[in-house]
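The primary structure of each chain is shown beneath.
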Amino acid sequence: MCIRDSYDREPIKFGEIVNIDELLIHARNLIGSPYRWGGKTSYGFDCSGFVQTLFLLTGLLLPRDSWQQSEFFKDSQISAKNSKPGDLHFFGKKGEVSHVGFACGGYDFIHSQGYVKKESLDQNDPNFNKSLLDIYLSSYLSVYLPVYLPVYISVYLSTYLSICLPIYLSI
């Protein structure tokens with residue numbers, strides 16, 4: 001269940017959050033939300049929907065699926081231990097991404113697997129998840145601040161247009 005301080009607040013607007021501490025508060029408030037395949041609301045999230053929703057609060061529209069999200073950030077790979085809050089950890093088998101988690105810093109992350117929860121890739125952490133450590137693939141630096149938004153929008157739009165525009169024009 002999503003924990004809220006008050007229902008009297010205004011809804012968060014697209015692009016309203018620019019501070020990582022504030023974004024982490026929202027991510028933590030969603031802990032306990034149920035898993036729902038294709039979900040992108042507190043009624044239920046899948047892993048990539050959870051990450052996509054968090055980034056949308058910063059104004060950055062990420063691709064929908066975890067493998068697409070890993071491609072989106074492919075030029076900014078980092079080691080898991082060096083991750084900062086807001087970076088992303090990717091998981092999968094045979095090099096194919098099938099899961100994503102929102103880094104809290106280092107090996108800790110929040111993700112949706114069964115429900116939204118905080119876990120770790122650190123074997124000494126009480127929230128250690130061995131099954132995810134076994135399929136860990138990579139971590140990526142996420143540059144989500146509005147300063148970088150025009151660059152990412154142009155990359156996203158060029159990818160979108162190269163895939164969707166030819167299909168649209170052929171209809």
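So, here is what we can say about the structure in this document. Worth saying up front: this structure is predicted, and the values here are computed from it rather than measured.

Cut-off values and rules
- Residues numbered from 1 in each chain as written.
- Predicted model: local features only at pLDDT ≥ 70, side-chain atom pairs only at ≥ 80, totals over all residues.
- Heavy atoms only, no water.
- Helix = DSSP H or I, 4+ residues; strand = E, 2+ residues; numbered from the N terminus.
- Buried < 20%, exposed > 50% of the residue type's maximum accessible area, 1.4 Å probe, protein only.
- Contact = heavy atoms within 4.5 Å.
- Areas by Shrake-Rupley, 256 points an atom, 1.4 Å probe, with all protein chains shown as cover.
- Salt bridge = Lys/Arg side-chain N within 4 Å of Asp/Glu carboxyl O.
- Polar contact = N/O pair within 3.5 Å; in protein donor to acceptor, adjacent residues only side chain to side chain.
- Pairing = 2+ DSSP bridges.
- Axes fitted to C-alpha atoms, helices over the stretch in contact; angles between N-to-C directions.
- Core = buried A, V, L, I, M, F, W, Y, C linked by side-chain atoms within 4.5 Å.
- Phe/Tyr/Trp six-rings, centres within 6.5 Å; stacked < 30°, edge-to-face > 60°.
- Left-handed = near helix turned anticlockwise from the far one by under 90°.
- Nonpolar A, V, L, I, M, F, W, Y, C, P; charged D, E, K, R; others polar.

Looking now at the overall build of the chain. A count of helices and strands for the chain gives 5 helices and 8 strands. Here the chain holds 171 residues, and the buried ones make up 40% of them. Long-range pairs, those at least 24 residues apart, make up 52% of the contacts in the chain between residues at least 6 apart in sequence. When the accessible surface of the chain is split by element, carbon and sulfur atoms take 58% of a total near 10,000 Å².

This brings us to the pattern of salt bridges. A side chain of one charge can pair with a side chain of the opposite charge if their charged atoms are brought near each other. Evaluation of the coordinates by the stated rule reveals 3 salt bridges. In this structure, D46 engages R64 in a salt bridge whose closest nitrogen and oxygen atoms are separated by 3.0 Å. In this pair, D46 is assigned in the loop between β2 (44-45) and α2 (47-58) and R64 in the loop between α2 and α3 (66-72), connecting sequence segments 18 residues apart. With a relative accessible area of 7%, D46 lands in the buried category. Residue K130 is joined to D134 by a salt bridge in which the shortest nitrogen-to-oxygen separation is 3.1 Å. Placement of both K130 and D134 in helix α4 (residues 130-134) is noted, with a separation of 4 residues, approximately one turn of the helix.

With that out of the way, let us pick up the side chain of D46. Of note is the side chain of D46, whose polar atom sits 2.7 Å from the backbone nitrogen of G49. Ignoring anything within four residues of it in the chain, the contact list for D46 reads Y35, R36, W37, G38, G39, R64 and S112.

Across a sheet, paired strands are connected by hydrogen bonds in the backbone, their directions being either parallel or antiparallel. Here 6 strands make up an open sheet; going across it, the order is β3-β8-β4-β5-β6-β7 and the pairing antiparallel. Edge positions in the sheet fall to β3 (77-78) and β7 (116-120), since each of these pairs with one other strand and no more. On top of the sheet, helix α1 (residues 20-29) reaches β5 (96-105) and β6 (108-112); it is set at about 115 degrees to β5, its chief contact.

This brings us to the pairing of β5. In terms of burial, β5 is a largely internal element, 7 of the 10 residues being buried. Pairing analysis gives 6 bridges linking strand β4 (residues 88-93) to β5, with the strands arranged antiparallel. Within β5, the position partnered with F91 by the bridge is H99. Adjacent in sequence and paired antiparallel, β4 and β5 are bridged by 2 residues, among which K94 carries a positive phi angle near 55 degrees.

Let us now look at the nonpolar core. Counting residues in each nonpolar core, the largest one holds 24 residues, and the members touching the most others are F50, L54, F55, L88 and F102. Only α1, α2, β4 and β5 provide two or more residues apiece to this core.

For the rest of this paragraph, the subject is the packing of aromatic side chains. The full count for this structure, using the stated rule, is 7 aromatic pairs. Aromatic pair F55 and F102: ring centres 6.1 Å apart, planes at 80 degrees, arrangement edge-to-face. In this pair, F55 sits in helix α2 while F102 sits in strand β5, placing the two residues 47 residues apart along the sequence. Of the residues examined, F102 reaches a relative accessible area of 0% and is grouped as buried.

Below, the discussion takes up the packing of α1 against α2. Put simply, α1 and α2 touch, their axes get as near as 10 Å, and they point 145 degrees apart. For the pair α1 and α2, the crossing hand works out as right-handed. Facing L23, H26 and A27 of α1, the residues of α2 in contact are F50, L54, L57 and T58. Among the residues forming the contact of α1 with α2, the class breakdown is 5 nonpolar, 2 polar and no charged.

Where β3 lies against strand β8 (residues 136-140), 2 bridges are found, and the strand directions are antiparallel. Across the sheet, residue Q77 finds its bridge partner in β8, namely Y140. One ladder, built from 4 bridges, connects β4 with β8; its direction is antiparallel. Within β8, the position partnered with H89 by the bridge is S139.

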